[in-house]
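Per-entry structural report
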Amino acid sequence: MSAVSPRFRSVLDKFAPYRPGKESATSDGRSYKLSSNESPYGPLPSVLKVIAEAAGSINRYPDNGAADLTEAIAGRYGVPASHVAVGCGSVGVAQQLLEAVAEPGAEVMYAWRSFEAYPYLSDLASATSVRVPLRDEALDLPAMAAAVTERTRLIFVCTPNNPTGTVVHRHELEEFMGRVPQDCLVVLDEAYSEYVRDPEAPDGMTLYRDRPNVAVLRTFSKAYGLAGLRVGYGLCGTEELRAAVDQVRQPFYLNIAAQAAAVEALKHQDEVERRVTQTIAARLEVQDGLRALGLWVAESDANFVWTRLPEDSLPEADVIHGLVQRGVLVRAGSALGREGALRVTIGTHEENQRFLTALGELL
Ligand SMILES: *Cc1c(COP(=O)(O)O)cnc(C)c1O
């Protein structure tokens, strides 16, 4: 019998099948996952407690408007609740923003290499991707401004940039925004904002306020350690934008446990800050350790480091393989568009040392 299939959208052919990271474990059974920029720290006891409590009412739909969480975010940053759009991860909010502004034929611009979700989300929205190459591993904002056309509907500015970890500077971003037409949405993706220490870096929370065509994306997946629950949010420059983002979402999109956990996590700024400070100290150690091994390292303001192997080193694939054998998972540069590079997430002290030792053995 011949196979019958529905006819799929041609855009699906573009998407590479999802390949989960290789599982690996050393002979002592340990594995060190430094490949997804997650927090190495487990959930706070109080967060676990509210999730358990929330579980008692999962026969009910969640609050459709996520009012408590929206208010908590607004209170935390001193912004109007009418600007806050929560979603299924900040990627979920990014998708909603695209659905709100991009039609087939629209152009969506982003730097490249940058976050791998941008091309995927743009394709899915039937928009045309316009990719502007990085300069010295950092966003080239003047080149991006020059590439704007009347069809450009949305521009992603990822700062710190994934996978390079570099930030844009406030003055160059303000200049850039001055050049972007008012009817084009600029989305500042600040997934790693808590880890930023560069005093020249912009703060989306203040920057978006008097700019109606700006939205800022933040997430609970990184510094707040809730990646498994999928909660992110956007700050929208106007109530109209926030309303548009709301129009394109599914009802009851944020589950009960996720809403409760995020509200609780926001109450523990001291602990979040303590963990972030540890990660930043470890980031310096890892950068120093890599340089001591002769690797070039990009300035990072995130919870990961982007590094290039020496010219005369083992090929990248052999390094990745050797790390996997030693139980250490990192992201290969070739998977991120740059052969001979690695992106390594900052983990616990033990994990970082394990990574540096393993790499030292290989080089
Ligand atoms: C990790 C990451 C996010 C977070 O995505 P969530 O959907 O909130 O988990 C967003 N943007 C960038 C650039 C990231 O690296």
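Everything quoted here is computed from the prediction, not taken from an experiment.

Another aspect to go through is the packing of aromatic side chains. A complete count under the given rule lists 10 aromatic pairs for this structure. Ring geometry for Y118 versus F156: centroids 4.1 Å apart, planes at 5°, classification stacked. Residue Y118 is located in helix 4 (residues 117-124), and its partner F156 is located in strand 5 (residues 152-158); the two are separated by 38 residues in the primary sequence. For Y118, a relative accessible area of 1% gives the class buried. Taking the centre distance of 5.6 Å and the plane angle of 50° together, the rings of F220 and Y233 count as tilted. Separated by 13 residues along the polypeptide, F220 in the loop between strand 7 (214-219) and strand 8 (232-236) and Y233 in strand 8 bring together distant segments of the chain. Taken as a pair, F220 and Y233 share a single burial class, namely buried. Connected via pairs of aromatic rings, a cluster forms that spans Y110, W112, F115, Y118 and F156.

Domain boundaries assigned for the protein yield domain 1 (20-42 + 270-362) and domain 2 (45-265). A C-alpha centroid distance of 26 Å is found between domain 1 and domain 2. Contacts between domain 1 and domain 2 engage 25 residues on the former and 22 residues on the latter. Counting the contacts that link domain 1 with domain 2 gives four salt bridges. The partner of R308 in a salt bridge is E137, and the shortest N-O contact between them spans 2.8 Å. Across the domain 1-domain 2 interface, the total number found is 13 residue pairs in polar contact (both at pLDDT 80 or more). Mapped onto the side of domain 1 that touches domain 2, the elements with two or more residues apiece are helix 10 (269-292) and strand 10 (304-308). Sorting elements by how many residues they give to the side of domain 1 that touches domain 2 places helix 10 first, with six residues. Class assignment for the residues of the side of domain 1 that touches domain 2 results in 10 nonpolar, seven polar and eight charged.

Around the ligand, 13 residues are found, and the nearest of them are S90, Y192, T219, S221 and K222. Here N162 contributes a side-chain N or O atom positioned 2.8 Å from an oxygen atom of the ligand. Note that an oxygen atom of the ligand is positioned 2.6 Å from one of the side-chain N or O atoms of S221. Summarising the interface, the protein chains cover 93% of the accessible area of the ligand, which totals 390 Å² for the free molecule. Class assignment for the residues of the shell around the ligand results in five nonpolar, five polar and three charged.

Pairing is antiparallel across the open sheet formed by four strands, whose spatial order is 9-10-13-12. The sheet is open, and its two edges are formed by strand 9 (296-297) and strand 12 (331-332), each paired on a single side. Pairing analysis gives five bridges linking strand 10 to strand 13 (residues 341-345), with the strands arranged antiparallel. Residue pairing for strand 13: V305 is matched across the bridge by V344.

Below, the discussion takes up empty space enclosed by the protein. Applying the stated rule across the entire model yields one cavity of 30 Å³ or more. Its volume calculated, the largest cavity comes out at about 90 Å³. In terms of lining, the largest cavity is formed by Y41, G42, P43, L44, V47, A223, Y224, G225, L226, A265, V272 and R275. Tallied by class, the residues present in the lining of the largest cavity amount to nine nonpolar, two polar and one charged. Here the lining of the largest cavity gathers at least three residues from each of two domains, domain 1 (20-42 + 270-362) and domain 2 (45-265).

Moving on, we get to the pairing of strand 10. Burial of strand 10 is extensive: four of the five residues sit out of reach of the surface. Inspection of the sheet shows strand 9 paired to strand 10 by two bridges, in the antiparallel sense. Along strand 10, the bridge assignment pairs V297 with T307. In this structure, the hairpin formed by strand 9 and strand 10 is closed by a connection of six residues.

Definitions and limits used
Residues numbered from 1 in each chain as written. Predicted model: local features only at pLDDT ≥ 70, side-chain atom pairs only at ≥ 80, totals over all residues. Heavy atoms only, no water. Phe/Tyr/Trp six-rings, centres within 6.5 Å; stacked < 30°, edge-to-face > 60°. Helix = DSSP H or I, 4+ residues; strand = E, 2+ residues; numbered from the N terminus. Buried < 20%, exposed > 50% of the residue type's maximum accessible area, 1.4 Å probe, protein only. Domains from an automatic or database assignment. Contact = heavy atoms within 4.5 Å. Salt bridge = Lys/Arg side-chain N within 4 Å of Asp/Glu carboxyl O. Polar contact = N/O pair within 3.5 Å; in protein donor to acceptor, adjacent residues only side chain to side chain. Nonpolar A, V, L, I, M, F, W, Y, C, P; charged D, E, K, R; others polar. Near = heavy atom within 4 Å. Areas by Shrake-Rupley, 256 points an atom, 1.4 Å probe, with all protein chains shown as cover. Pairing = 2+ DSSP bridges. 1 Å grid on protein atoms, 1.4 Å probe; cavity = no way out; pocket = protein on both sides within 12 Å on 5 of 7 lines; lining within 4 Å. Points joined across faces, edges and corners; volume = space filled by probe spheres on them.

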